[in-house]
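Listed here are the chains, written in short residue letters.
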Amino acid sequence: MIQVINRALHILEFVASNKNEPIQLYKIAEHAGLSQPTTANIVKTLLEKGYLEQLGRKKGYRLGIAAYQLTGNPSYQQNLINAAREPMEELTKQLNETTILAMIQNNKRVILHTVECNQVLVVKAIPEDDIYNTSSGKLMMAYLDAKELDKLIKAIGLPGKNVWEGVESRETLDKVIKK
């Protein structure tokens, strides 16, 4: 048995068994019988792959969207999806265009829910994509405050010239997303 895979699965199972509350790192480490640094390294990988998500620096962790997608479980962010479903259906009906509910997670644009239009030609969006590669990702960036935008740019850098034409510096990025 490969030890690190076993440990990662043990961590996921523990977090999944406590679905009503986020689990702090020290509790995960205690349950897994690991040191906090070892646990932190495994959790960091699970965060990067989307199997866990961090609710806040001290609040803890819960299952991420990748865990739900892996199992085909549609209940990820279900309260948000339920609240958005009716307005999305109405907007789709009015415009006859597909609407998506998306969020920024792990510096990517992640689609939570889609309401399809009945156009002859429909473009399917990739469920998870780099934020700079999608119009919805670029739109969501426009609603980030300066601190969140700084954090995003620090993590993924500025878009390349071949990704987002006309954005070559932070100043041009600010102008484009403000527009």
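Look up a bit, the structure's there.
Residues numbered from 1 in each chain as written. Predicted model: local features only at pLDDT ≥ 70, side-chain atom pairs only at ≥ 80, totals over all residues. Heavy atoms only, no water.

A separate point is the environment of S17. Relative to the helices and strands, S17 resides in helix α1 (residues 3-17). The exposed category is assigned to S17, whose relative accessible area is 54%. Taking the C-alpha atoms as reference points, S17 and G137, 120 residues apart in sequence, are found 32 Å from one another. (Helix = DSSP H or I, 4+ residues; strand = E, 2+ residues; numbered from the N terminus. Buried < 20%, exposed > 50% of the residue type's maximum accessible area, 1.4 Å probe, protein only.)

Our next topic: the pairing of strand β2 (residues 60-63). Here four bridges tie strand β1 (residues 52-56) to β2, and the two strands are oriented antiparallel to one another. Residue pairing in the sheet places L52 in a bridge with L63 of β2. Hairpin geometry of β1 and β2 is characterised by an intervening segment of three residues between the two adjacent antiparallel strands. (Pairing = 2+ DSSP bridges.)

Our next topic: helix α5 (residues 78-95). Compared with the 26 Å implied by 1.5 Å per residue over 18 residues, the 25 Å span of α5 between its first and last C-alpha is a close match. The sharpest bend along α5 measures roughly 40 degrees and falls at R85, with the proline P87 sitting one to four residues further on. Every buried residue of α5 is accounted for by I81, A84, M88 and T92. On its buried side, α5 packs onto β3 (99-105) and β4 (108-115). Phi turns positive one or two residues past the end of α5, at N96, with a value near 50 degrees. (Expected span 1.5 Å × (residues − 1). Bend = angle between axes of the 7 residues up to and from the residue. Contact = heavy atoms within 4.5 Å.)

With that settled, the discussion passes to the pattern of salt bridges. Overall, the coordinates contain four salt bridges when judged by the stated rule. Its salt-bridge partner being D150, residue R170 comes within 2.3 Å of it at the nearest N-O pair. Of the two residues, R170 is situated in helix α8 (residues 170-178) and D150 in helix α7 (residues 146-156); the sequence distance between them amounts to 20 residues. A relative accessible area of 39% places D150 in the partly exposed class. (Salt bridge = Lys/Arg side-chain N within 4 Å of Asp/Glu carboxyl O.)

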